[in-house]
Amino acid sequence: MSTQSSPEFAGYPELTAAARTWPWQPPAGCLAGRNILVTGASTGIGSTLARTCALFGANVVLLSRSREKLEVVFDWISSHTSTSPVIVPCDFAGLRDDNVAALHDAIADSMGHLDGLVHNASLLGAMTPIAHYPTSTWESVLRVNTTAPFMLTRGLLPLLETSQRGSIVFTSSGVGRQARAYWGAYAVSKVAIEGLVDVLVDELRATSRILVTSLNPGGTRTAMRAAAYPAEDPQTLPTPEAHMALYLYLLCASAPTSLQGARLNARDWSGPTAD
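On a predicted model such as this, the values are computed, not experimentally measured, just so you know.

**Student:** Any chance you could explain the overall build of the protein chain here in plain terms?
**Tutor:** Per the secondary structure count, the protein chain includes nine helices and seven strands. For 275 residues, the compact-globule estimate of 2.2 N^0.38 gives 19 Å, and the protein chain sits close to it at 18 Å. The principal-axis extents of the C-alpha atoms in the protein chain amount to approximately 50 × 45 × 40 Å. A total of 275 residues make up the protein chain; the buried ones form 50% of that total. Looking at the protein chain alone, contacts between residues at least 24 apart form 70% of all its contacts between residues at least 6 apart.

Printed below as a string of structure tokens:
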């Protein structure tokens, strides 16, 4: 564990408190000049990650359905950092190839390249047996959780290839690594994400510097977790801020190549010495 003192984040007491427990203390400015795209950036882990990346110097591209919620995150980043955030309202349920192409061109024109892509947006869907699972919900969950990350990855790979050290982080889940009853399309979508990581890693292994990993945040104090476990006391769960050191580690230019294809669990991660 690092002995470096934890940082203070003005205007973000939750992150300051969480940083005291991080197993690794990221150097100040470790993401300086890096362009990071975060999906699902309006709430929960995505919003926390967007703010954290900006505090460590990244220019963040914020994708989510709600323009209003994205503007809140945008305003916070603009007020608390000197970075240049960008908001892109985007409903993944209706994502098309031309939307991705337009996003690619906009990032290329304004930023030149992309250093990190974090697939965080997810839809929970129904918690019900397969025998009663609605087809429309099944299709929507797979579209948002699996097809959209595939489309964005395929479309933005050229921009990541131009980075000195690109990184793609796919958000997984415990039920993506061991599917369980009643998790339906959500579990299947995360199993598919794990497969997508394996395929991408194998394809890029000999030709690319892009680091590809999957990250399971585990039970975290978010609205999605509350929807899945309504009787659970959220105070027993870690906050999104508690996981930020691992995300930063994967997104910084010095992330080790030994992590290629790694399946990481945020709640078990004990810092770089564990790699």
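**Student:** How do you make sense of the pattern of salt bridges when you look at a structure like this?
**Tutor:** Once the charged atoms of two side chains with opposite charge are near each other, the side chains can pair. Taken as a whole, this structure holds seven salt bridges when the rule is applied. With a shortest N-O distance of 3.8 Å, Asp115 and Arg34 are connected by a salt bridge. Placement of Asp115 in the loop between α4 (97-110) and β4 (116-119) and of Arg34 in the loop between α1 (13-19) and β1 (35-39) is noted, with a sequence separation of 81 residues between them. Here the two residues Asp115 and Arg34 agree in accessibility, since each one is buried. Here Asp198 makes a salt bridge to Arg263, at a shortest N to O gap of 2.9 Å. Linking Asp198 in helix α7 (residues 184-204) with Arg263 in strand β7 (residues 263-265), this pair joins segments that are 65 residues apart in sequence.

**Student:** Is there a simple way to think about the sheet that holds strand β5 (residues 167-171) in this case?
**Tutor:** Sheet strands pair by backbone hydrogen bonding; their relative direction is either parallel or antiparallel. Strand order in the open sheet formed by seven strands is β3-β2-β1-β4-β5-β6-β7, with parallel pairing between adjacent strands. Each edge of the open sheet carries a strand with a single partner, namely β3 (86-89) and β7. Shown here is a sheet whose adjacent strand axes are inclined to one another by a mean of 20°, direction ignored. Note that β1 and strand β2 (residues 59-64) share five bridges and pair parallel. By the bridge assignment for β2, Asn35 is matched with Asn59. Against the sheet, helix α5 (residues 135-161) makes contact with β1, β2, β4 and β5, and its axis sits at roughly 175° relative to β4, the strand it touches most.

Analysis parameters
- In this convention, every chain numbers its residues from 1, walking through the sequence in written order.
- Note on the predicted model: pLDDT of at least 70 is required for a residue's local features to be given, and 80 or more for side-chain atom pairs to be given and counted; whole-chain, interface and lining totals, by contrast, use all residues.
- Water and hydrogen atoms play no part in the side-chain values, which are based on all heavy atoms of the structure.
- We count a stretch as a helix when DSSP gives it H or I for four or more residues in a row; a strand needs E for two or more, and each element gets its number in order from the N terminus.
- Both definitions apply: the radius of gyration is a C-alpha atom measure, and the globule rule equals 2.2 Å times residues to the power 0.38.
- Each residue is assigned to one of three classes by its accessible area relative to the maximum for its type, calculated with a 1.4 Å probe on protein chains only: buried under 20%, partly exposed between the two thresholds, exposed over 50%.
- What makes two residues a contact is simply this: any of their non-hydrogen atoms within 4.5 Å.
- Salt bridge, as applied in this entry: a Lys or Arg side-chain nitrogen positioned within 4 Å of an Asp or Glu carboxyl oxygen.
- Pairs of strands are assigned from DSSP output, requiring at least two bridges between the strands.
- The axes used here are C-alpha line fits, helices contributing only the stretch in contact, and every angle between their N-to-C directions lies in the interval 0 to 180 degrees.

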